[in-house]
Amino acid sequence: MDLSIVNNDYYLSGMAALVGDIDKQLMIMLRDGRTLIAYLRSLDQFGNLVLHQAFERICVGRQYADIPRGLFVIRGENVLLIGELDFHQPIRVQLVEVTIEEILKLQKEDIEKKGRIEKLRQKAMIEHGLIDEGNPIEEHY
Amino acid sequence: MLFYSFFKSLVGKDVVIELKNDLSITGTLHSVDQYLNVKLTEVQVLDPEKYPHIQSVTSAFVRGSVIRYIQLPPDDVDTQLLQEATRKEVTQPRKE
């Protein structure tokens, strides 16, 4: 099969635009807030993805850790963004790698903190007679 | 299909995309498709303090359904023409 059409500037419409990214290591952000770094092995017209050698990158403040997750099949609607990576790119905010245990503890604290802020926000909105519509990325589909 | 054509005319321009989860990224519009999925090159995240892990992303494919806003360069948009085109589209019955 002639794949030259895939690799040059000719643009394929829809999810086929990602055919050129197959077997590359990509960063995939999901609707639930998770970030995966994995090799894209396959996809279809709905944007369903097959990811190989995936690891989940948890980032809290400037600390991060990678949790190996293995093989992923993701339903297309849950994908926010698929990014190509270049680790040699100059970065403005340096990250520090910590252990998985540490990042999970930090993440738990962070989620609790955000939950408290969210509760206060909802309370304030209700006091002002506003109906809280929740997080659009998780609810409005 | 009007906005698909409209965004196609903006290919190569710098845009800012705001997602429904409040993440904003800027980049050069590389391509757009019928679902308004967008491909950006030379991606930079607007708030690297909040999303430091996205800094190493160079080009990105963003699913159209999760986009809230696309900020456009004002000089490259002919609002007059766009207004006329949108009005034309709603007033004229579509030929199927």
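Residues numbered from 1 in each chain as written. Chains lettered and ligands numbered in written order. Predicted model: local features only at pLDDT ≥ 70, side-chain atom pairs only at ≥ 80, totals over all residues. Heavy atoms only, no water.

## Things to note about the nonpolar core
Here's step 1: Grouped together as the largest cluster of nonpolar side chains are 29 residues, with contacts concentrated most on B:Ile17, B:Leu23, B:Ile25 and B:Leu40.
Here's step 2: Listing elements by their share of this core, those giving two or more residues are β1 (25-30) and β5 (79-85) of chain A together with α1 (2-8), β1 (14-19), β2 (24-32), β3 (38-45) and β4 (57-62) of chain B.
Here's step 3: In terms of residue count, the dominant contributor to this core is β3(B) (four residues).
Here's step 4: For B:Ile25, the contacting residues outside a window of four places in its chain are A:Leu81, B:Val15, B:Val16, B:Ile17, B:Leu40, B:Val43, B:Gln44, B:Val45 and B:Val62.
Here's step 5: Membership of the second largest hydrophobic core comes to 18 residues, among which are A:Leu18, A:Ile28, A:Leu30 and A:Leu49. (Core = buried A, V, L, I, M, F, W, Y, C linked by side-chain atoms within 4.5 Å. Buried < 20%, exposed > 50% of the residue type's maximum accessible area, 1.4 Å probe, protein only. Helix = DSSP H or I, 4+ residues; strand = E, 2+ residues; numbered from the N terminus. Contact = heavy atoms within 4.5 Å.)

## Things to note about the confidence of the model for chain A
Here's step 1: Within chain A, residue pLDDT values average 84, and 86% of them lie at 70 or more.
Here's step 2: Below a pLDDT of 50 lies the segment residues 1-8 of chain A, which in the model reaches four contacts outside its immediate sequence neighbourhood of four places, other chains included. (pLDDT = per-residue confidence, 0-100.)

## Details of the pairing of β5(A)
Here's step 1: Counting buried positions over the seven residues of β5(A) gives six, a clear majority of the element.
Here's step 2: Note: β5(A) against β4(B), five bridges, orientation antiparallel. Bridging from a neighbouring strand, A:Glu84 pairs with B:Ser59 of β4(B). (Pairing = 2+ DSSP bridges.)

## A short note on the sheet that holds β1(A)
Here's step 1: Read from one edge of the open sheet, 11 strands run β6(A)-β4(A)-β3(A)-β2(A)-β1(A)-β5(A)-β4(B)-β3(B)-β2(B)-β1(B)-β5(B), paired in mixed fashion. The open sheet has two edge strands with one neighbour each: β6 (96-97) of chain A together with β5 (67-71) of chain B.
Here's step 2: Pairing of β3(B) with β4(B) involves three bridges; the strand directions are antiparallel. Its bridge partner being in β4(B), B:Val38 is matched across the sheet by B:Val62.
Here's step 3: Lying over the sheet, helix α2 (residues 100-127) of chain A contacts β3 (49-60) and β4 (63-74) of chain A, oriented at roughly 90° with respect to β4(A). (Axes fitted to C-alpha atoms, helices over the stretch in contact; angles between N-to-C directions.)

## Here's the deal with the pattern of salt bridges
Residue and element names in this part refer to chain A.
Here's step 1: One pass over the structure, following the stated rule, counts 13 salt bridges over all chains.
Here's step 2: Here Lys24 and Asp21 are joined by a salt bridge, their closest N and O atoms 3.6 Å apart.
Here's step 3: Taking the shortest distance from any N to any O, the salt bridge between Arg57 and Asp66 comes out at 2.9 Å.
Here's step 4: Residue classification places Arg57 among the buried residues on the basis of a relative accessible area of 12%. (Salt bridge = Lys/Arg side-chain N within 4 Å of Asp/Glu carboxyl O.)

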